[in-house]
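Read off the chains here:
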Amino acid sequence: MGRKLGVYTCSGCSIGDAIDVERLVSIAEEEYRPAICKAHPFLCGEDGLSVIKTDLAEGRVDSVVIAGCSPRVKTDAFTFDPQIVTERVNLREHVAWSHEPRTEDTQMLAEDYLRMGIVKAQKMEPLEPVSDGISKTILVVGGGVTGISAALEAADADYDVVLVEKEPQLGGSLATVKKYFPTHPPYTDLEETGLPEKIAKVTSHPKVKVYTSTRIVKTEGQPGMFDVTLQNGGDPFVHRAGAIVMATGWKPYDASKLPHLGYGCSPNVVTNDQFEALIGSGPLVRPSDGKPAESVLFIQCAGSRDNNHLPYCSSVCCMATLKQSDFIHQTSPETKVYIVYRDIITPGQYERYFAKVQNHPATFLMKGDVAAVRAQDGRQIQVDVKGTLLGEDITVPADIVVLATGLVPNAADNDAIRDLRDAQAKVQRNESETQRTEAEKIVNRLQPHEGTAILNLNYRQGPDLPILRDGFPNSNFVCFPYETLRTGIYAAGAVRAPMDSAQAEEDALGAAMKAIQSVEMATAGKAVHPRAGDLSYPSFLLQRCTQCKRCTVECPFGSIDEDEKGTPKFNPYRCRRCGVCMGACPERIISFKNYSVDIIASMIKAIEVPDEEEEKLRVLLFMCENDAYPALDVAGMNHVHYDASVRVIPLRCLGSTNIVWIADALSRGIDGVMLMGCKYGEDYQCHFAKGSEIAHRRLENVKETLQRLQLEPERVEVSQVSIDEFEKVPEMINTFMDRIRELGPNPYKGF
Amino acid sequence: MDNGNLASNNGRSLLVIGGGIAGLTAALEAAEAGCSAIIIEKSPSLGGRAIAFNQYFPKLCPPTCGFEINFRRIKNNPRITVLTQAELEEITGSAGDYEATVKLSPRFVTNSCTVCGACAEACPAERPDGFNYNLSKTKAAYLPHKMAFPAQYVIDRNACKKDCSACVDACRYGAINLEQQVERKKFHVAAVVLATGWAPYDASKITNLGFGCYPNVVTNVLLERMAAVNGPTAGKILRPSDGKEPATVAFVQCAGSRDENHLPYCSSVCCSASLKHSTYIHNLYPDAQVTIFYIDTRTPGFLQDFYAKVATNGHLKMIKGKVGKVEEDPETHDLIVTAEEVLTGTKLTQKFSMVVLAAGIVPQTDGIPLKVARDQFGFAVNGTAGIFAAGCAKRPEEVSATVRDATGAALKALQCAVRSAHHG
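Residues numbered from 1 in each chain as written. Chains lettered and ligands numbered in written order. Predicted model: local features only at pLDDT ≥ 70, side-chain atom pairs only at ≥ 80, totals over all residues. Heavy atoms only, no water.

Undergrad: Could you give an account of the overall build of chain A, naming the residues involved and the relevant values?
TA: The secondary structure content of chain A amounts to 20 helices and 30 strands. For the C-alpha atoms alone, the extent of chain A along its principal axes is close to 100 × 65 × 65 Å. Accessible area of chain A: about 28400 Å², with a carbon and sulfur share of 48%. Within chain A, the 103 negative side-chain charges are centred at a point lying 3 Å from the centre of the 81 positive side-chain charges. (Helix = DSSP H or I, 4+ residues; strand = E, 2+ residues; numbered from the N terminus. Areas by Shrake-Rupley, 256 points an atom, 1.4 Å probe, with all protein chains shown as cover. Lys, Arg positive; Asp, Glu negative; His and termini not counted. Charge placed at Lys NZ, Arg CZ, Asp CG, Glu CD.)

Undergrad: Describe the overall build of chain B, with residues and values.
TA: Of regular secondary structure, chain B possesses eight helices and 20 strands. Here the C-alpha radius of gyration of chain B, 23 Å, is about what a compact globule of 424 residues would show, namely 22 Å. If one aligns the C-alpha atoms of chain B with their principal axes, the spans along those axes are about 70 × 50 × 35 Å. Taken across its 424 residues, chain B has 62% of its residues classed as buried. (Rg over C-alpha atoms; globule rule 2.2 N^0.38 Å. Buried < 20%, exposed > 50% of the residue type's maximum accessible area, 1.4 Å probe, protein only.)

Undergrad: Account for the domain arrangement of chain A, with residues named and values stated.
TA: For an interface, size is often stated in terms of accessible area lost upon the parts coming together. Each domain of chain A was delimited in the assignment, giving domain 1 (1–127), domain 2 (138–249 + 453–524), domain 3 (259–406), domain 4 (414–448), domain 5 (539–591) and domain 6 (595–751). Computed from C-alpha coordinates alone, the two centres of domain 3 of chain A and domain 5 of chain A are separated by 54 Å. (Domains from an automatic or database assignment.)

Undergrad: Before we move on, could you go through the environment of Ala 190 of chain B and cite the residues and values that matter?
TA: Residue position: Ala 190 of chain B is located in strand 10 (residues 183–194). Other than its neighbours up to four places away in sequence, Ala 190 of chain B contacts Arg 12, Ser 13, Ala 95, Gly 96, Asp 97, Tyr 98, Cys 416, Ala 417 and Ser 420 of chain B. (Contact = heavy atoms within 4.5 Å.)

Undergrad: For the interface of chain A and chain B, give the residues involved together with the corresponding values.
TA: Between chain A and chain B, the contact holds 93 residues from the first and 87 residues from the second. Per-residue buried area on chain A facing chain B is highest for Val 478, Glu 506 and Met 513 of chain A; these three make up 9% of the total on that side. Counting every contact that joins chain A to chain B gives 13 salt bridges. The salt bridge involving Arg 172 of chain B is made with Asp 17 of chain A; its shortest N-O contact spans 3.5 Å. Remark: the boundary between chain A and chain B carries 36 residue pairs in polar contact (both at pLDDT 80 or more). Where the side of chain A that touches chain B is concerned, the elements lending two or more residues are helix 6 (145–156), helix 10 (350–358), helix 13 (501–523) and helix 17 (628–637) of chain A. (Buried area = accessible area lost by both parts, 1.4 Å probe. Salt bridge = Lys/Arg side-chain N within 4 Å of Asp/Glu carboxyl O. Polar contact = N/O pair within 3.5 Å; in protein donor to acceptor, adjacent residues only side chain to side chain.)

Undergrad: Which residues make up the confidence of the model for chain B, and what values go with them?
TA: Residue and element names in this part refer to chain B. In this model, chain B carries a mean pLDDT of 95, and residues with pLDDT of at least 70 account for 97%. Note on residues 1–10: pLDDT under 50 across the span, and 33 contacts to partners over four residues away in sequence or across chains. Overall fold confidence for the complex sits at a pTM of 0.97, while the interface term, ipTM, reaches 0.97. (pLDDT = per-residue confidence, 0-100.)

Undergrad: Talk me through the pairing of strand 15 (residues 336–341) of chain A; I want residue IDs and the actual numbers.
TA: All names here are of chain A. The buried fraction of strand 15 is high, at five of six residues. When strand 14 (residues 295–302) meets strand 15, the two strands line up parallel, connected through five bridges. What sits directly across from Phe 298, in strand 15, is Ile 339. Between the parallel elements strand 14 and strand 15, the chain passes through helix 9 (residues 317–331) in a crossover that is right-handed. Bridge count for strand 15 against strand 16 (residues 363–367) is five bridges, and the pairing is parallel. The residue of strand 16 that forms the bridge with Ile 339 is Leu 365. For the crossover that starts at strand 15, traverses helix 10 and ends in the parallel strand 16, the hand is right-handed. (Pairing = 2+ DSSP bridges. Right-handed = clockwise from strand over helix to strand, strands pointing away.)

Undergrad: Talk me through the packing of aromatic side chains; I want residue IDs and the actual numbers.
TA: Counted by the stated rule, this structure contains 22 aromatic pairs over all chains. Relative to Tyr 595 of chain A, the ring of Phe 592 of chain A lies with its centre 6.0 Å away and its plane at 55 degrees, an arrangement referred to as tilted. What makes Tyr 595 of chain A buried here is its relative accessible area of 4%. Chaining the aromatic ring pairs together yields one cluster made of Tyr 187 of chain A together with Tyr 265, Phe 377 and Phe 379 of chain B. The aromatic ring of Tyr 142 of chain B is capped on one face by Arg 127 of chain B, whose charged end is 3.8 Å from the ring centroid. (Phe/Tyr/Trp six-rings, centres within 6.5 Å; stacked < 30°, edge-to-face > 60°. Lys NZ or Arg CZ within 6 Å of the ring centre and 35° of its normal.)

Undergrad: An account of the sheet that holds strand 8 (residues 215–222) of chain A is requested, with residue identities and associated values reported.
TA: Residue and element names in this part refer to chain A. Here three strands make up an open sheet; going across it, the order is 8-9-10 and the pairing antiparallel. Looking along the sheet, the strands with just one partner apiece sit at the ends: strand 8 and strand 10 (237–241). Across the sheet, the axes of successive neighbouring strands diverge by a mean angle of 25 degrees, strand direction being ignored. As paired elements, strand 9 (residues 225–231) and strand 10 share five bridges and run antiparallel to each other. Pairing of Phe 226 across the sheet is with Ala 241, part of strand 10. (Axes fitted to C-alpha atoms, helices over the stretch in contact; angles between N-to-C directions.)

Undergrad: Outline helix 20 (residues 728–743) of chain A, listing residues and values.
TA: An α-helical turn contains 3.6 residues, so any two residues separated by three or four positions project in the same direction. All names here are of chain A. With 16 residues, helix 20 should reach 22 Å at 1.5 Å per residue; the first-to-last C-alpha distance of 23 Å fits that figure. Buried residues of helix 20: Val 729, Pro 730, Met 732, Ile 733, Phe 736, Met 737 and Ile 740, and no others. Viewed along the axis of helix 20, the buried residues span an arc of 155 degrees, placing them on a single side of the element. Away from the buried face of helix 20 by more than 90 degrees, exposed residues Glu 731, Thr 735 and Glu 742 are located. On the buried face of helix 20, the contacting elements are strand 27 (619–624), helix 17, strand 28 (646–651), strand 29 (672–677) and strand 30 (716–720). Gly 744 sits one or two positions beyond helix 20 and adopts a positive phi of about 90 degrees. (Expected span 1.5 Å × (residues − 1). Arc of directions from axis to C-beta.)

Undergrad: So, the packing of helix 9 of chain A against helix 10 of chain A: which residues are in play, and what are the values?
TA: Residues and elements named next belong to chain A. Between helix 9 and helix 10, the least distance of the axes is 10 Å, while the angle of their chain directions is 40 degrees. Put simply, helix 9 runs oblique to helix 10. Every pair of crossing elements has a handedness; the one defined by helix 9 and helix 10 is left-handed. Mapping the contact onto sequence places Met 319, Leu 322, Lys 323, Ser 325 and Asp 326 in helix 9 and Tyr 350, Tyr 353, Phe 354, Lys 356 and Val 357 in helix 10. Of the residues belonging to the contact of helix 9 with helix 10, the class tally is six nonpolar, one polar and three charged. (Parallel < 35°, antiparallel > 145°, perpendicular 65-115°, else oblique. Left-handed = near helix turned anticlockwise from the far one by under 90°. Nonpolar A, V, L, I, M, F, W, Y, C, P; charged D, E, K, R; others polar.)

Undergrad: Help me get a handle on a negative patch on the surface, residues and values and all.
TA: All names here are of chain A. Residues Asp 611, Glu 612, Glu 613, Glu 614 and Glu 615 make up a contiguous surface patch of negative charge. Mapped onto the elements of the fold, Asp 611 is located in the loop between helix 16 (597–606) and strand 27. With relative accessibility at 45%, the residue Asp 611 sits in the partly exposed group. (Patch = residues over 30% accessible without salt bridge, like charges linked within 9 Å, V, L, I, M, F, W, Y side chains within 5 Å.)

Undergrad: Before we move on, can you summarise the side chain of Lys 320 of chain B with the specific residues and values?
TA: Here Lys 320 of chain B shows up in strand 15 (residues 316–328). At a separation of 2.3 Å, a polar atom in the side chain of Lys 320 of chain B contacts the main-chain carbonyl oxygen of Ile 295 of chain B.

Undergrad: How would you sum up the environment of Glu 32 of chain B? Please name residues and give values.
TA: Relative to the helices and strands, Glu 32 of chain B resides in helix 1 (residues 21–32). Judged by its relative accessible area of 2%, Glu 32 of chain B falls in the buried class.

Undergrad: Give a detailed account of the nonpolar core, specifying residues and quantitative values.
TA: In terms of nonpolar packing, the biggest core is built from 253 residues, with Ile 138 and Phe 622 of chain A touching the most fellow members. By residue number, the principal contributor to this core is helix 8 (residues 399–423) of chain B, which donates eleven residues. Ignoring any residue separated from it by four or fewer positions in sequence, one finds Ile 138 of chain A in contact with Ala 154, Tyr 159, Asp 160, Val 161, Val 162, Ala 243, Val 245, Ala 515, Ile 516 and Val 519 of chain A. Counting residues in hydrophobic clusters, the runner-up holds 32 residues, among them Leu 222, Met 226, Ile 361 and Cys 392 of chain B. (Core = buried A, V, L, I, M, F, W, Y, C linked by side-chain atoms within 4.5 Å.)

Undergrad: Give me the pattern of salt bridges: which residues, what numbers.
TA: Residue and element names in this part refer to chain A. Within the structure shown, the criterion is met by 80 salt bridges over all chains. Between Lys 356 and Asp 326 there is a salt bridge, with its nearest N and O atoms 3.7 Å apart. Within this pair, whereas Lys 356 is found in helix 10, its partner Asp 326 is found in helix 9, the two being separated by 30 residues in sequence. Overall, the relative accessible area of 33% leaves Lys 356 in the partly exposed class. Within the structure, one salt-bridge network assembled from shared partners comprises Glu 31, Asp 112, Arg 115, Glu 608, Arg 618 and Arg 647.

Undergrad: Provide a residue-level description of the pairing of strand 10 of chain B, including the pertinent values.
TA: Residues and elements named next belong to chain B. Note: strand 1 (residues 13–17) against strand 10, five bridges, orientation parallel. For Val 16, the partnering residue across the bridge sits in strand 10 and is Val 193. Pairing analysis gives seven bridges linking strand 5 (residues 97–104) to strand 10, with the strands arranged antiparallel. Looking across to strand 10, one finds that Tyr 98 is bridged to Val 189. Strand direction decides the pairing type here: strand 10 and strand 20 (residues 387–389), joined by three bridges, are parallel. Across the sheet, Val 192 pairs through a bridge with Ile 387, a residue of strand 20.

Undergrad: Would you mind going over helix 5 (residues 220–227) of chain B in detail, with residue names and values included?
TA: Residue and element names in this part refer to chain B. Along helix 5, eight of the eight residues are buried, which leaves the element largely enclosed by surrounding structure. Three or more residues of helix 5 are buried, namely Asn 220, Val 221, Leu 222, Leu 223, Glu 224, Arg 225, Met 226 and Ala 227. In this fold, the buried residues of helix 5 make contact with strand 11 (198–200), strand 12 (217–219), strand 13 (248–255), helix 6 (270–284) and strand 18 (354–359).

What follows is the structure in structure tokens.
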């Protein structure tokens, strides 16, 4: 390969006390003949670094192996030019600090790690940024307050914006709101919505192109180069955009599903949405007969916080009701307002407004549940409330009953639409009677989703953002609320999560920021979060592809499409560089320049497996580099010791595990394989959404293979580890080693 | 990073005050869009209050998981400058063109630190561990915690023994300099993000609830550290008076919050936090009886799902009622809680082995030499050109909302940088 490798081993931080560094260096020299092989007592110090830098500057080496502390520390010191392949070997946290010093086993561990690091450095190739023809235009879908805000804010940062609204006018749901509840100090006075000014500003902004009465016919391509076909009556036309903010807002929960709360029993039972139209213009009257309304009763959580309807809290209804109550009292201070609630949810400074409204002498708050709403012609509506604070059931008469219905996201069910289209295609292909019947059933079940797509992405994995929870394309992460399963596409506002307009305006800012960031990162050829800045991307050796479609199905980000034959069509700018496709591929044709099946397989091969007579076991441990690996680092910092038979290989995501590695390891006589990834399931912690889960699934298949090979399936174990389980990880290793000892050495040893 | 839109940035940067989750998010989001950012954090490491949590609600996942990713983003991004033990001393100029003077207090440990820990091992002096809300001690030479970023020891000179230089002798890498002095640095920045966060309300001010008088009355932030594996009790929640496992625990919601005499606003997070804390207790002691005294359970949005899930635990009791007083049985150190149960209108008196006060959020906006409007409670109010508050400096909010807010503040700041680049 002609690579000029420099291997630099640090003996500082008690590495030199724990292992024979001289011997380590000589092994590297003898076995790999690198261009330079040096040891230093303080490699990260000025003198140590100058040794490396001089060798680099004078062209003696062009690739560097640093054997010392964990790659998680001293990153500044050991970061060289991106063209310099650099590999860190963790001799400190994972060897010197966590194993018995000066023992044969600890020495062998260090030697293996160095071998693995050298082999990896030899195989890795330098990275160069690849980027071409990136559009920095931001497409904003939805012209409500969220979309308008996103458009204005992105435009104010000097980005071109295309704003698309399906209705003839901008404004969305906020347009029907007369006044807005207080969001500014002293938090007690109603505010103007400010919407007309915003609409005027966005329609006249030189950087914003606004399309109303417009739908997205299709969105082709990838971040940096989405070709979006729009239609507004006439011929479709195409806009190129780099990133998308999806701000399609919400709709009120269908009140016809709430007959138990009286909806439909009288024209005087209305939703909060309908009630907004009744207030603010003259005295409040009953819709049924125009008689003045002397009392109004609000039923909170009408549909929300109810597992039969909306399991979530809609977040806006308490403040909306308080505002409507306030509004009523501004024109009719005598009107009695009853609010039947379970919890009044007015967080933060909103509490001040609650305090104000509840102090009005004609406002009556009643904690309780509505048992029945009874209407009689021409009379007041009777509302039975049970479980009140007074401990008794009471009946309240009211001229108008307002249901504080919650909000439902205006999102499309990506997976359902994808499954529908797949089934439709199967029906069309008509390959067999049973297949067709089965597909027809799916088509019938999913028919309601026909035509509901919003973004109309041409992705193999469906036309919209995947839904995460209760119909919302939200993020699954507390600390990364804009994390998206479709790179460059960010949901904002009430379509992302239940929120009020003030929150939605802020959310629009954040989503616009992420959209801008995504086009800037694409321009630099870099990945976005969580591998922000990564220049690597997978390449596909398609001559050997068998069209098995595993990569297209398993990519968590929908990066890979298919042609008619099923050959993968990779879209690099959608990619997040997790390597799940690489792990999926049975033909091993997917590789990164610095991360591949071959590189890891070579590292496994570099491990010296002792003969059976030596009675030394070897276990391979694949660890997620994001969580499990740092946990083991902390164990090292705590000087917790664990079995020295284990050899750790960090992975970008456990989902990038190719099962061939396990077969390789076991056939080489390695006695067991452990895999540690992030928690998966509903509340997954895997940074690549499905990676850890996919790895678990793949491993189930491996176990079957093992049984066929007469190997105990217990030799392979995959587990879930959190980053804070630094006490548990060494115990897990030791327990596994005990089990392997019980099973005895791998019978394939020596073959 | 080559960046078209900001290529003519002229080196204009953002100044982010505060290195907690809000500040580091704002800096990262702006930097990954091509704008330089300087984080100034007054403590020796980043992460603020959030990194001291045991878990986040509602996922019950460890904060260090996200911080690990964020720290890696910082390490990989040359556009971010991190200054710890740093405070804003003076700022002049206006939006797009500020000059900030930052005061850097000495760390007494240089970049040569390898985090080997020899200094702490040799150090004879101790100091209260602020990371654990003083529930434990560290050496005067200490690493704030194992995941601390920057990974660099620090010396608390106030805690040092007189004329001691044990750490200097122990450090093989010459990383300790006890002669370090205060330094000042000037930065030219286009915008400022104010992300100074929050502090827990001083619960001893709520005299009827017994915090500070009775050892077994603790606050929510203390419980958080007790529950953490890297905390003072290695993850065991024990009664401070006798180290015993609590059999019955009462949570007093709105301890200070929604109270005209203390914090007249709602602190937003305490309901979900106490529900989360009940899961800590039940994970350790499945049979412990937990009672939450609340006025309203405020779990907006998807947090409602979390509430519904936690509330199914048969050992959790929710009582709508305001706690009037907490007294102590001096013999057992058990606590007698008197509450007015709103649903029945009756007065309820019950004994608990431990009481947790859900103390509220107080904004940390005092003493910052920055002209920024504040509301009647001290929360920063946006409106000053060039200065953008985010997170709990602006309103009480949970981590997710803070990150959302900080990401938005990054865009506002970015706009200033772009504009100043155009005009500069």
